[in-house]
Amino acid sequence: MLQYDFMQNAIIAGIFISILCPAVGAFLVLKRYSMMGDALSHASLAGVALGLILGYNPIICAFIFTSICGLLIEYLRNYYKKYAELILVIIMTLAIGIAITLISTGRTNANVNSYLFGSILTVSQNELFTVFALSIISVITLSVLYNQLLYITFDENGAKIAGVKVKLINYLFALLVGATVSVSIRIMGILVISSMIAMPVAAALQLHKGFKATLVFSIIFGFIDIMFGLFLSYFINSAPGGTIALTSVALLLIVLLYKKSIG
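What counts and how
- Residues numbered from 1 in each chain as written.
- Predicted model: local features only at pLDDT ≥ 70, side-chain atom pairs only at ≥ 80, totals over all residues.
- Heavy atoms only, no water.
- UniProt positions renumbered as here; feature names shortened; annotations may be inferred.
- Helix = DSSP H or I, 4+ residues; strand = E, 2+ residues; numbered from the N terminus.
- Rg over C-alpha atoms; globule rule 2.2 N^0.38 Å.
- Buried < 20%, exposed > 50% of the residue type's maximum accessible area, 1.4 Å probe, protein only.
- Areas by Shrake-Rupley, 256 points an atom, 1.4 Å probe, with all protein chains shown as cover.
- Lys, Arg positive; Asp, Glu negative; His and termini not counted.
- Charge placed at Lys NZ, Arg CZ, Asp CG, Glu CD.
- Axes fitted to C-alpha atoms, helices over the stretch in contact; angles between N-to-C directions.
- Parallel < 35°, antiparallel > 145°, perpendicular 65-115°, else oblique.
- Contact = heavy atoms within 4.5 Å.
- Nonpolar A, V, L, I, M, F, W, Y, C, P; charged D, E, K, R; others polar.
- Polar contact = N/O pair within 3.5 Å; in protein donor to acceptor, adjacent residues only side chain to side chain.
- Left-handed = near helix turned anticlockwise from the far one by under 90°.
- Disulfide = S-S within 2.5 Å.

- Per an unreviewed UniProt entry, the recorded name for the chain is Metal ABC transporter permease, and the organism is Clostridium thailandense.
- Under the heading Subcellular location (unreviewed entry), UniProt records this for the chain: "Cell membrane".
- Recorded in UniProt for the chain, the comment headed Sequence similarities (unreviewed entry) runs: "Belongs to the ABC-3 integral membrane protein family."

### What about the overall build of the chain?
- Of the regular secondary structure elements, the chain holds 11 helices and zero strands.
- Expected size for 263 residues packed as a compact globule is a radius of gyration near 18 Å; at 18 Å, the chain falls within 12% of this value.
- In terms of overall dimensions, the chain has C-alpha extents of about 50 × 45 × 30 Å along its principal axes.
- Residue burial in the chain is summarised as follows: out of 263 residues, 50% are buried.
- Carbon and sulfur atoms provide 69% of the accessible area of the chain, an area that totals close to 12400 Å².
- Treating the 14 positive side-chain charges of the chain as one cloud and the 8 negative ones as another, the clouds have centres 9 Å apart.

### Examining the packing of helix 1 (residues 5-30) against helix 9 (residues 193-205)
- Here helix 1 crosses helix 9 at 70 degrees, and the two axes come no closer than 7 Å. For the element pair helix 1 / helix 9, the angle class is roughly perpendicular. From helix 1, Ile17, Cys21, Pro22, Gly25, Ala26, Leu28, Val29 and Leu30 reach across to helix 9, where they touch Met196, Ile197, Ala198, Pro200, Val201 and Leu205.
- For the contact of helix 1 with helix 9, the residue count by class is 13 nonpolar, one polar and no charged.

### A word on the side chain of Ser44
- The residue Ser44 is located in helix 2 (residues 35-54) in this model.
- On the basis of relative accessibility, which here comes to 0%, the residue Ser44 falls in the buried class.
- From its side chain, Ser44 meets the backbone oxygen of Ser41 in a polar contact 2.5 Å long.
- Setting aside anything within four residues of it in sequence, one finds Ser44 in contact with Ala62, Thr66, Val181, Ile185 and Ile190.

### Quick notes on the packing of helix 2 against helix 8 (residues 166-188)
- The interhelical angle for the contact between helix 2 and helix 8, taken along N-to-C directions, is 60 degrees, at an axis separation of 9 Å. It follows from the interaxial angle that helix 2 and helix 8 lie oblique. By crossing handedness, the relation of helix 2 to helix 8 is classed as right-handed. Between helix 2 and helix 8, the contacting residues are Met36, Gly37, Leu40, Ser41, Ser44 and Val48 on the first element and Ala174, Val177, Gly178, Val181 and Ile185 on the second.
- Of the residues belonging to the contact of helix 2 with helix 8, the class tally is seven nonpolar, four polar and no charged.

### Thoughts on unusual backbone geometry
- Residues other than glycine seldom take positive phi values, yet His208 does so here, at roughly 55 degrees.
- Mapped onto the fold, His208 is located in the loop between helix 9 and helix 10 (211-236).
- Not every positive phi belongs to a glycine, and Asn237 is a case in point at roughly 55 degrees.
- Along the chain, Asn237 falls in the loop between helix 10 and helix 11 (240-262).

### Quick word on the state of the cysteines
- The final tally for this structure, using the stated rule, is zero disulfides.
- In this structure Cys61 is not part of a disulfide, and its nearest cysteine sulfur, from Cys69, lies 13 Å away.
- Exposure remark for Cys69: the relative accessible area of 1% places this residue in the buried category.

Have a look at this one:
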């Protein structure tokens, strides 16, 4: 199995995703904004469709489009301060409308299903390099912004008073979420990217540790979810996105049962 190039590419991409998705997800979940990942994953479909029609790298196009949508979400927060979930519906409506319109023209000239459900067979060296570059940039950005993001996550008003550039940090974080969604498309699939952003964090939160420990456990659980899901999808010949999503649910149930057994 590991002698195949496509499987090697998938595992390498999976390692990057298993670090990036839970790391970003930890902040999203604690900000009670976990559905932002779902909204931007739907937005990425429009970027993929646009890239396929124009003949450009679909992952780069997805990153550009999800980044624009992420910035729009932050901008609309000024108008819907008490209705955050409504902003996500607006963005999803816009993105899905564009995606369906573009795909229905029949000009995408590619199997869109591989982007919807994920595919370990079609991760090329070119796409792997794109995933690597976006992942490294994202991890560095997250490391640099870590303290400010932590402050904003738990007390946004206090961060403003302390002189933290909250708006700028939030916009940069929106770009970070866009990059995270984009690098996950090929392995996870657009329909279930949000599961890898939220589920490992949901499992880690049940351990009731501090933030740093929760972040570390989220990454560990994310790695287990993706690796087990990838190997399982290879043996049962299924799309990896679905098996990874099911693995993440199974791991969460195991953690809940463990917590109950010692509780």
